[in-house]
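Each chain, letter by letter, is given below.
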Amino acid sequence: PEARALVYHPLAEMRAQRERIMFFPKNYFHWAGAGAAAVAGMTERHFWGRDESFAPPVPLVAKEQPSEIRFMFPGIERVSMVEDAEFSATSITQCHGPDCFPEHLRPMLAKLVVMGRYLNKAPGLGPRLVVIADSFGHVGAPMFSRYHREVLFVSSNMLDRLDEKEREQLRELLFVPGSDDEVLFLYHDATVLSNRIKTDLDILFP
């Protein structure tokens with residue numbers, strides 16, 4: 001029961017809202033802005049008691065994009081209408097890639113390929129949120145930035161590239177003893193079913 005209390009799988013809640021929220025764009029494997037934002041809101045409320053009135057939403061802009069299924073099935077081309085976060089008129093600054101972090105960490109982070117930081121200057125926000133995620137984190141992590149002064153996102157897809165010294169560097173970045181940080185593992189259910197959680201936790205917490 002203690003472990004189950006730390007797990008949130010809002011499938012029923014997503015199904016109840018699918019008539020008005022596009023969680024997954026047509027011809028698209030990953031979720032998009034409105035769907036990720038809705039799940040971020042439900043997650044904040046479930047774990048930390050912050051409702052959607054806590055901070056202004058992240059604006060979204062819809063535009064046609066090539067579907068990412070072309071990376072999975074070369075030769076199949078589709079176009080989808082996809083919503084992306086638009087931070088230009090907000091108090092949030094986004095940064096993607098190793099250069100967002102201290103120089104001594106950049107070689108290690110470069111091996112992980114996908115990571116980012118979102119800094120929010122608005123007053124009265126929640127503490128730093130550390131998001132460790134599979135490919136769903138790329139769109140999911142920025143949707144939490146309305147609630148937190150900082151969101152730090154690292155993709156777990158390439159953790160096995162790191163040697164032990166680099167893994168220790170990553171642990172020091174992600175987990176700060178005595179801090180008020182909040183930590184979220186954000187995984188697609190197929191990733192969970194493939195036993196990735198155990199694989200990733202064995203690397204992060206040997």
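That block above? That's the structure.
A brief structural summary. Note that the coordinates shown come from a computational prediction; the quantities given were computed from them, not determined experimentally.

Criteria and cut-off values
- Residues numbered from 1 in each chain as written.
- Predicted model: local features only at pLDDT ≥ 70, side-chain atom pairs only at ≥ 80, totals over all residues.
- Heavy atoms only, no water.
- Core = buried A, V, L, I, M, F, W, Y, C linked by side-chain atoms within 4.5 Å.
- Buried < 20%, exposed > 50% of the residue type's maximum accessible area, 1.4 Å probe, protein only.
- Helix = DSSP H or I, 4+ residues; strand = E, 2+ residues; numbered from the N terminus.
- Contact = heavy atoms within 4.5 Å.
- Pairing = 2+ DSSP bridges.
- Axes fitted to C-alpha atoms, helices over the stretch in contact; angles between N-to-C directions.
- Phe/Tyr/Trp six-rings, centres within 6.5 Å; stacked < 30°, edge-to-face > 60°.
- Disulfide = S-S within 2.5 Å.

The subject of this paragraph is the nonpolar core. Ranked by size, the top nonpolar core spans 25 residues in total, and within it V131, F144, V151 and L186 carry the most contacts. Among the elements of the structure, α2 (33-48), β5 (129-133), β6 (150-155) and β7 (182-186) are those that each provide at least two residues to this core. Leaving out residues up to four positions away in the same chain, F144 has contacts with A40, T43, E44, L129, V151, L184 and L186. Core analysis: the second largest hydrophobic core is formed by 20 residues, M108, L174, F175 and Y187 among them.

Sheet architecture is open: 5 strands sit in the order β3-β4-β6-β5-β7, paired in mixed fashion. On the outer flanks of this sheet lie β3 (92-96) and β7, each paired with one strand and no other. Within this sheet the neighbouring strands show an average axis-to-axis angle of 15°, counted without direction. Of the pairings in the sheet, the one linking β5 to β7 comprises 5 bridges and is parallel in character. In the strand pairing of β7, A133 is matched with L186. In this fold α2 packs onto β5 and β7, with an angle of close to 130° to the strand it touches most, β7.

In total, this model carries 9 aromatic pairs according to the counting rule given. On the numbers, 5.0 Å between centres and 35° between planes, the contact of F175 with F205 is tilted. Taken as a pair, F175 in the loop between α6 (164-174) and β7 and F205 in the segment after α8 (196-204) lie far apart in primary sequence, 30 residues in all. Residue class for F205 comes out partly exposed when judged on its relative accessible area of 45%. Taken together through their ring pairs, the aromatic side chains of F24, F29, W31 and F136 make up a single cluster.

Turning to the state of the cysteines, a few remarks are in order. This model, assessed by the stated rule, comprises 1 disulfide. Linked covalently through their sulfurs, C95 and C100 form a disulfide whose S-S length is 2.0 Å. One quick way to see it: the torsion about the S-S bond of C95 and C100 is about -95°, and its sign makes the bridge left-handed.

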